[in-house]
Amino acid sequence: MSSTATNSLLLAARVLLAIMFVMSGLQKLVDPSGTAGMITGAGLPAATLLAYVAGLFELVAGLAVLTGFQTKIAAILLALFCLFTAFVFHNGAINIPGFSPEANGLLTVFNGLIFWKNISLAGGFLVLAAAGAGAYSIDARRGSVAITA
């Protein structure tokens, strides 16, 4: 594959991996209540504070990947974040009191899909960490290693 094609694919991968985190981070910073509820449900302390911290992290790390700035570090951190959220928030059955068994079953299916989505995203971020941002990035302009094969 040409270096132009490889670097174009790395740019596309960065955009596709980052956009969800940029949007999610913004949403958490504007309205942290849903995330704070999940954090409380997981038994973690300081739910609202952690929701804001998660939102800021997602926004900053997402923008770093998007622009290709400190990409390897941001990608590793996002991979760890995805694994953490998969196992802490999306692992197991959902049983909301007052919901029908069918509704809880459907929510459990959705939760399982989100679990595997996060695992898959972690894999994508690890590939990005290994490959680097490519030539169309701030890292490349700063002299970091970019793929040119």
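Quick note: structure is the one above.
Residues numbered from 1 in each chain as written. Predicted model: local features only at pLDDT ≥ 70, side-chain atom pairs only at ≥ 80, totals over all residues. Heavy atoms only, no water.

**Comments concerning the overall build of the chain**
Then comes step 1: Summing up its helical and strand segments, the chain has six helices and zero strands in all.
Then comes step 2: Starting at the N terminus and ending at the C terminus, the chain contains elements arranged as α-α-α-α-α-α.
Then comes step 3: The principal-axis extents of the C-alpha atoms in the chain amount to approximately 55 × 30 × 20 Å.
Then comes step 4: Counting the 149 residues in the chain, one finds 34% classified as buried.
Then comes step 5: Residue pairs at least 24 apart in sequence account for 70% of intrachain contacts in the chain once pairs closer than 6 positions are excluded.
Then comes step 6: Accessible surface for the chain amounts to roughly 8200 Å². Of this, 74% is attributable to carbon and sulfur atoms.
Then comes step 7: Separation of charge centres in the chain, based on 6 positive and 4 negative side chains, amounts to 18 Å. (Helix = DSSP H or I, 4+ residues; strand = E, 2+ residues; numbered from the N terminus. Buried < 20%, exposed > 50% of the residue type's maximum accessible area, 1.4 Å probe, protein only. Contact = heavy atoms within 4.5 Å. Areas by Shrake-Rupley, 256 points an atom, 1.4 Å probe, with all protein chains shown as cover. Lys, Arg positive; Asp, Glu negative; His and termini not counted. Charge placed at Lys NZ, Arg CZ, Asp CG, Glu CD.)

**Some remarks on helix α1 (residues 3-30)**
Then comes step 1: Along its 28 residues, α1 runs 40 Å from first to last C-alpha, staying within 8% of the 40 Å computed at 1.5 Å per residue.
Then comes step 2: On its buried side, α1 packs onto α2 (33-41), α3 (47-67), α4 (71-89) and α5 (101-131). (Expected span 1.5 Å × (residues − 1).)

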